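# An overview of the molecular structure
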There are 2 protein chains.
Amino acid sequence: MKPVMRVFLYDDEGEKFFGEGPCRLLHGVEQYGSLKKAAESMGMAYTKALAMIKRAEKELGFSLTEKMIGGKSGGGSYLTPEAKEFVKKYESYRDACYQAGAGIYRAIFQKQ
Amino acid sequence: MKPVMRVFLYDDEGEKFFGEGPCRLLHGVEQYGSLKKAAESMGMAYTKALAMIKRAEKELGFSLTEKMIGGKSGGGSYLTPEAKEFVKKYESYRDACYQAGAGIYRAIFQKQ
DNA sequence: CATCGTTATATTTTTAAAACTATAACGATC
DNA sequence: GATCGTTATAGTTTTAAAAATATAACGATG
């Protein structure tokens, strides 16, 4: 038996708009310079990936990606500075929660 | 924007076997003395509720409910002492995680 | 100005979870 | 021994999320 924790960010209407999926997706965009390639790399449909980004951007009030359409390469997507900062914060929050949770679990379920 | 955290217990094969659903369900059993009524009270199908209980019991290695079949009332389900203790531990763990997470969120997303 | 692979949108199909239905066994009570 | 409402199991249906498909717009490049 082991503990698993998930952390999300919800809007004020109680709807989820950010979590591990979007976070990984943004990392993929950073790595590949393409939302399509980022989605493919994690086995996600492009349409879903696009919806994720738009959903999060709507709630956050700033753009997560800059998009270039056209050009020989077809274009691409790139993280905005705000996106990079936000991802950093989310990951700090997530990791600190994970670490705290692990300690609490040990204290409660494995105390001797 | 607000943080939401969920905590689960997984088995060693990486399969979830306990979380908020089963926890609420066990509270319902305690309250109603009936798995059927407990499931109904939370809008859950009885078959799903039964599967939940059996799944958790299988992993934990002890019974969560004692079942009485038959009798004028039809029977009923009641929590074992082990179940009550386990629910208490889970809720302590969950609540401590929630509280820790809220503090971490404030520190990271609302620092000034 | 034709080509390329992307972004973007709308629609359809697939899939898996959840819910529902049907049926049987049970046994204290009357 | 008939009745009742539960536990229990199997099979079916519904539903919503995910995935897949189709199509258009875009524009730097050669």
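Data block above holds the structure.
Given the structure is predicted, the values throughout are model-derived calculations rather than measurements.

Cut-offs and rules
- Residues numbered from 1 in each chain as written.
- Chains lettered and ligands numbered in written order.
- Predicted model: local features only at pLDDT ≥ 70, side-chain atom pairs only at ≥ 80, totals over all residues.
- Pairing = 2+ DSSP bridges.
- Helix = DSSP H or I, 4+ residues; strand = E, 2+ residues; numbered from the N terminus.
- Near = placed C-beta within 6 Å.
- Nonpolar A, V, L, I, M, F, W, Y, C, P; charged D, E, K, R; others polar.
- Least-squares fit on C-alpha atoms with pLDDT ≥ 70 in both.
- Contact = placed C-beta atoms within 7 Å.

One ladder, built from five bridges, connects strand β3 (residues 65-69) of chain B with strand β4 (residues 75-79) of chain B; its direction is antiparallel. Bridge pairing links Lys67(B) to Ser77(B) in β4(B).

This part covers the protein's contact with DNA strand C. Around DNA strand C, 26 residues are found, and the nearest of them are Leu35(A), Lys36(A), Gly74(A), Gly70(B) and Gly71(B). Secondary-structure elements contributing two or more residues to the surface near DNA strand C are α2 (35-41), α3 (46-60), β3 (65-69) and β4 (75-79) of chain A together with α3 (46-60) of chain B. Residues of the surface near DNA strand C, tallied by class, amount to six nonpolar, 14 polar and six charged.

Turning to the relation of the copies chain B and chain A, a few remarks are in order. After a rotation of 180° and a shift along the axis of 0.0 Å, chain B superposes on chain A with an RMSD of 0.0 Å. The two molecules are tied by a two-fold rotation axis, judged by turn and shift. When each C-alpha of chain B is compared by its distance to the rotation axis, Arg6(B) comes out closest, at 2.6 Å. Looking at the interface residues of chain B, 100% of them are also at the interface in chain A, so both copies use one shared face.

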